[in-house]
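So the chains spell out like this:
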Amino acid sequence: MNITKDMTIREVLMANPDAAEILISFGMGCIGCPASQAETLEEASMVHGMDLNELLDALNKKA
């Protein structure tokens, strides 16, 4: 499954539980927070100051 910017954090973690490690390494320490579960990767990257393309590359290498 290809991970896209429109997927929520919850969808990403359900598709690939190993994605948690990547999200944390990019500075998203609150992935278990109920609010973050409904955020898309695009929204989370903006809020946390992440480079969306780098994040997607990392997630899709692991997926």
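Everything below is about the structure shown above.
In this text, all values refer to a predicted model and were calculated from it rather than measured experimentally. (Residues numbered from 1 in each chain as written. Predicted model: local features only at pLDDT ≥ 70, side-chain atom pairs only at ≥ 80, totals over all residues. Heavy atoms only, no water.)

*Asks:* Explain the overall build of the chain to me, and be specific about the residues and the numbers.
*Replies:* Counting secondary structure elements, the chain contains five helices and zero strands. Moving toward the C terminus, one meets the helices and strands of the chain in the order α-α-α-α-α. A compact globule built from 63 residues would reach a C-alpha radius of gyration of about 11 Å, and the chain, at 10 Å, matches this within 12%. Its C-alpha atoms put the chain at 25 × 20 × 20 Å along the principal axes. Across the 63 residues in the chain, those meeting the buried criterion constitute 38%. Long-range pairs, those at least 24 residues apart, make up 61% of the contacts in the chain with a sequence separation of at least 6. (Helix = DSSP H or I, 4+ residues; strand = E, 2+ residues; numbered from the N terminus. Rg over C-alpha atoms; globule rule 2.2 N^0.38 Å. Buried < 20%, exposed > 50% of the residue type's maximum accessible area, 1.4 Å probe, protein only. Contact = heavy atoms within 4.5 Å.)

*Asks:* Please give an account of the pattern of salt bridges that cites residues and values.
*Replies:* Scanning the model with the defined rule gives one salt bridge in all. One salt bridge connects Glu42 with Lys5, and the closest N-O pair in it is separated by 3.7 Å. Here the residue Glu42 occupies a position in helix H4 (residues 41-47), and Lys5 occupies one in the segment before helix H1 (9-15), the gap between them amounting to 37 residues. Note on Glu42: relative accessible area 29%, which makes it partly exposed. (Salt bridge = Lys/Arg side-chain N within 4 Å of Asp/Glu carboxyl O.)

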